[in-house]
Amino acid sequence: MNAVVFHAKGDIRFETVPDPKIELGTDAIVRITSAAICGTDLHMVRGTMEGMKPGTILGHEGVGIVEEVGKEVRNFRPGDRVVICSTIACGYCSYCRSGYYSQCDNANPTREGTAFFGGPESTGPFHGLQAEYARVPFANIGLVRLPPEIDDDAAILLSDIFPTGYFGADIADIHPGDTVAVFGCGPVGMFAIVSAFHFGAGRVIAIDKVADRLTMARKQNAETVDFGAEDPVATIRQLTGGIGVDRVIDAVGIDAMSSQQPERRTPWQGGDRPGQVLEWAVQCVAKAGKISVIGVYNEQMKDFPVGTCMMKNLSVHGGNCNHRKYVPELVEMVRAGVFDPTGILTQRKPLASAVDAYRHFDAREAGWEKVELVPAAA
Ligand SMILES: NC(=O)c1ccc[n+]([C@@H]2O[C@H](COP(=O)([O-])OP(=O)(O)OC[C@H]3O[C@@H](n4cnc5c(N)ncnc54)[C@H](O)[C@@H]3O)[C@@H](O)[C@H]2O)c1
Ligand SMILES: [Zn+2]
Ligand SMILES: [Zn+2]
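Residues numbered from 1 in each chain as written. Chains lettered and ligands numbered in written order. Predicted model: local features only at pLDDT ≥ 70, side-chain atom pairs only at ≥ 80, totals over all residues.

This brings us to the overall build of the chain. For the chain, the helix and strand inventory stands at 12 helices and 15 strands. Computed over the C-alpha atoms, the radius of gyration of the chain is 20 Å, within 12% of the 21 Å expected from 2.2 N^0.38 for a compact globule of 378 residues. If one aligns the C-alpha atoms of the chain with their principal axes, the spans along those axes are about 60 × 40 × 40 Å. For the chain, the share of sequence-separated contacts (at least 6 apart) that also reach a separation of at least 24 residues comes to 74%. (Helix = DSSP H or I, 4+ residues; strand = E, 2+ residues; numbered from the N terminus. Rg over C-alpha atoms; globule rule 2.2 N^0.38 Å. Contact = placed C-beta atoms within 7 Å.)

Okay, the site of ligand 1 next. Taken together, 35 residues form the shell around ligand 1, and within it Gly39, Thr40, Gly184, Gly186 and Gly253 come nearest. Elements supplying a minimum of two residues to the shell around ligand 1: helix 1 (39–46), helix 5 (161–171), helix 6 (187–198), strand 9 (203–208) and helix 9 (276–284). Examining the composition of the shell around ligand 1, we find that four residues originate from one element, helix 1, more than from any other. Here the residues of the shell around ligand 1 are counted per class, giving 18 nonpolar, 12 polar and five charged. (Near = placed C-beta within 6 Å. Nonpolar A, V, L, I, M, F, W, Y, C, P; charged D, E, K, R; others polar.)

Let's shift gears to the sheet that holds strand 8 (residues 179–183). Pairing is parallel across the open sheet formed by six strands, whose spatial order is 10-9-8-11-12-13. Strands with a single pairing partner mark the edges of an open sheet, and in this sheet they are strand 10 (223–226) and strand 13 (315–318). Sheet twist, expressed as the mean angle between neighbouring strand axes with direction ignored, is 20 degrees. Pairing geometry for strand 9 and strand 10, over four bridges, is parallel. Looking at the pairing, Asp208 lines up with Asp226 of strand 10. Packing against the sheet, helix 9 makes contact with strand 8, strand 11 (245–250) and strand 12 (285–293), and its axis sits at approximately 170 degrees to strand 11. (Pairing = 2+ DSSP bridges. Axes fitted to C-alpha atoms, helices over the stretch in contact; angles between N-to-C directions.)

Turning our eyes to something else, we now look at helix 7 (residues 211–219). All of the buried residues along helix 7 are Arg213, Leu214, Met216 and Ala217. Each buried residue of helix 7 lies within a common arc of 155 degrees when the element is viewed along its axis, so the set occupies one face. Set apart from the buried face of helix 7 by more than 90 degrees, the exposed residues are Ala211, Thr215 and Lys219. At its buried positions, helix 7 is contacted by helix 6, strand 9 and strand 10. Downstream of helix 7 by a residue or two, Asn221 has a phi angle that is positive, lying close to 75 degrees. (Buried ≥ 20, exposed ≤ 12 C-beta atoms within 10 Å, placed from the backbone. Arc of directions from axis to C-beta.)

Following the sequence through the fold, Asp255 ends up in the loop between strand 11 and helix 9. Excluding anything up to four places from it in sequence, Asp255 contacts Leu42, His43, Arg46, Thr48, Gly270 and Gly271.

With that settled, consider the environment of Val17. Among the structural elements, Val17 can be located in the loop between strand 2 (11–16) and strand 3 (28–37). With 16 C-beta atoms counted inside 10 Å, the residue Val17 sits in the partly exposed group. As for Val17 and Gly55, which are separated by 38 residues in sequence, their C-alpha atoms are 9.1 Å apart. Val17 has contacts with Met1, Ala3, Val5 and Ile57, leaving out every residue within four places of it along the chain.

Moving on, we come to the packing of helix 8 (residues 232–239) against helix 9. Each pair of packed helices can be summarised by the angle the axes make with each other and by the distance between the axes. As a packed pair, helix 8 and helix 9 sit with axes 9 Å apart at the nearest point and diverge in direction by 25 degrees. Accordingly, the angle class assigned to the pair helix 8 and helix 9 is roughly parallel. Considering only the axes of helix 8 and helix 9, their crossing is right-handed. Contact with helix 8, carried on its side by Pro232, Val233, Ile236 and Arg237, involves Trp280, Gln283 and Cys284 of helix 9 and no other residues of that element. Of the residues that constitute the contact of helix 8 with helix 9, the class distribution is five nonpolar, one polar and one charged. (Parallel < 35°, antiparallel > 145°, perpendicular 65-115°, else oblique. Left-handed = near helix turned anticlockwise from the far one by under 90°.)

Where the parts come together, the accessible area they lose is often given as the size of the interface. Per the domain assignment, the segments of the chain are domain 1 (2–160 + 322–374) and domain 2 (165–318). Here the C-alpha centroids of domain 1 and domain 2 sit 25 Å apart. Contacts between the two partners involve 23 residues from domain 1, matched on the other side by 21 residues from domain 2. Taken together, the elements giving at least two residues each to the side of domain 1 that touches domain 2 come down to helix 1, helix 11 (323–335) and helix 12 (354–362). Of the residues forming the side of domain 1 that touches domain 2, the biggest block, six residues, is contributed by helix 1. (Domains from an automatic or database assignment.)

Another point: the pairing of strand 14 (residues 347–350). Where strand 14 lies against strand 15 (residues 371–374), four bridges are found, and the strand directions are parallel. Counted as the bridge partner of Gln347 is Val371 from strand 15. A crossover connection joins strand 14 to the parallel strand 15 through helix 12; in handedness this β-α-β unit is right-handed. (Right-handed = clockwise from strand over helix to strand, strands pointing away.)

With respect to the helices and strands, Ala217 occurs in helix 7. We classify Ala217 as buried; it has 24 C-beta atoms within 10 Å. For Ala217 and Val204, which are 13 residues apart along the polypeptide, the C-alpha to C-alpha distance reads 9.5 Å.

Turning next to unusual backbone geometry. Note that the residue after Gly124, namely Pro125, is joined by a cis bond; omega there is -15 degrees. Topologically, Pro125 is positioned in the loop between helix 2 (94–97) and strand 6 (133–136). At Trp268, a residue that is not glycine, the phi angle is positive and equals roughly 60 degrees. Its place among the elements puts Trp268 in the loop between strand 11 and helix 9. With a phi close to 50 degrees, Arg364 is a non-glycine residue in the positive phi region.

Written out as structure tokens, the structure reads:
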């Protein structure tokens, strides 16, 4: 089959690889009809998230048709149309049973952190979903059935980024009327904005410096702040009567840029200030406020302004999304028309042109907010 394969930092290729096979009775093989590129993939190709094993198929967002199931998969059969949860979970350990699917004891053989498709060696590694076929471990839990009303363009957003934005708003503990700052207007930030309003936020202030991403945030009713043109902390204070925001959602992570980082970047260049959003978050949040960290950081990252955090009685809650906790509920909400996620998908490209699509998305070019990759497209 054909797939997008990681070789080295800045070196990814579309190439022919062996077809996946059922390895355990709990596996399923899914024929991928839609995949996507995520900001998390960028951290790995840029090398800001290290430890990728050369030869790993990239991608952790997928929709498809079940092709084959192992003996222990009793809830799906070949032909079923499904969305694949990005993180892998067993469904039977105590963490899974409490809804902490991303901290599953069994999915990750190293037992260190979250298991997900197409990630660094420490996450499994498991081959990813930017491919024609994929092996899905613990398929009874990792697959969620799709109703025919939800097409692939909507379903692909339910695999990772919508649940992640929703998780970010959920763990921010938003109360009706709260003012919420969302740092980062990439696709994850966009779903964090939508979800913050869903949980009752009175105002959402969205911060980025990419013009068309700020435009998209305004379309979701956020008040926007361009950190390339103004000091975001001073602006947020001024917009909130000097108090600050009640809640912050960090949807940027390790590749955070400072205001000084020049617009013209070289390909696969990360941010110049990994701790920037965390610094701005503790500065712009009100006393006793809460910070939700869904942007991804590596384990080497040690800069967090704990002093100010402690002095202001802040709470911080972060992590990898517990996808399986949210995907079934979000599938129902999309089916019922509560949310239409498709406004956030801006590109639909053949899987064969994935490497080129990665370059456009990495450069944050106008119109490249979220890229769907379609294996069957010419
Ligand atoms: N926790 C999870 O389970 C989970 C799941 C999916 C993605 N993620 C993470 O969410 C983050 C966002 O993903 P994405 O796909 O939207 O990525 P993206 O790269 O498309 O978006 C990041 C955005 O942040 C902006 N940005 C950079 N520095 C900033 C700063 N200092 N202040 C405000 N904005 C800044 C960039 O301009 C860009 O628009 C990534 O770190 C990704 O790894 C986490
Ligand atoms: Zn992702
Ligand atoms: Zn588990």
